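# Residue-level structure breakdown
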Amino acid sequence: MALGLIEVFGYTTAIVVADAAAKAGKVKIVNIDNNKPAAGDAAEVPLVMIVKMQGGVADVKTAVAAGIAQAEKRGLYITSHIIAREEPSTDILASLSKAGKDRLNIPKRTLNEPH
């Protein structure tokens, strides 16, 4: 299982990126998380969002490329990364969210729980 991460400015951009990614490849959007940019409230868009997706390596690559294209069209792309083969605790970390994991029905797990 691969993990794809796309970091963008703004909630709406994150939703558009997640939608494009899910439509482009056979991936599951596992989480959308948020953070404040280094410039804080002084930033033009004071919210950084991270879209996290999982699937086969080829599908994640395709999905990440589609998501990046949508963010770049809006001038709100920051960075991205693909982990081709997740270590089990990375999988758990991907499902954790500051944005509210309960709202996304993500099971509550701990790093020490076996899969």
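Once a new chain begins, its residue numbering starts again from 1 and follows that chain's sequence as written. The model is predicted, so local features are restricted to residues of pLDDT at least 70 and side-chain atom pairs to those at 80 or more, both for listing and for counting; the totals for chains, interfaces and linings are taken over all residues. Computation of side-chain values: all heavy atoms of the structure, hydrogens and water removed.

## Quick word on the sheet that holds strand 3 (residues 48-55)
When DSSP finds at least two bridges between two strands, those strands are taken to pair. The way it works is that DSSP assigns letters per residue, a run of H or I at least four long becomes a helix, a run of E at least two long becomes a strand, and they are numbered from the N terminus. Spatially, the four strands line up as an open sheet ordered 2-3-1-4, and their pairing is antiparallel. The open sheet is flanked by strand 2 (27-35) and strand 4 (77-83), the only strands paired with a single partner. Adjacent strand axes in the sheet meet at a mean angle of 15°, parallel and antiparallel pairs treated alike. Sheet topology note: the strand 1 (residues 2-9)/strand 3 ladder contains eight bridges and is antiparallel. Of the residues in strand 3, the one forming a bridge with Ala2 is Gly55. Contact criterion: two residues are considered in contact whenever any of their non-hydrogen atoms come within 4.5 Å of each other. The angle between two axes is taken between their N-to-C directions and runs from 0 to 180 degrees, where each axis is a line fitted to C-alpha atoms and a helix contributes only its stretch in contact. Here helix 1 (residues 11-24) sits on the sheet in contact with strand 1, strand 2 and strand 3, set at roughly 165° to strand 2. Each of strand 1, strand 2, strand 3 and strand 4 touches helix 2 (residues 57-73); the most contacted strand, strand 1, lies at about 5° to it.

## Some thoughts on the pattern of salt bridges
Only one rule defines a salt bridge in this text: a Lys or Arg side-chain nitrogen within 4 Å of an Asp or Glu carboxyl oxygen. Within the structure shown, the criterion is met by two salt bridges. Across the pair Asp19 and Lys23 runs a salt bridge whose closest N-O atoms are separated by 2.9 Å. Highlighted residues: Asp19 and Lys23, both in helix 1, separated by four residues, approximately one helical turn. Remark: exposure states derive from per-residue accessible area (1.4 Å probe, protein chains only) relative to the maximum for the residue type, with buried under 20%, exposed over 50%, and partly exposed in between. Residue Lys23 is classed as exposed on the basis of its relative accessible area, which comes to 67%.

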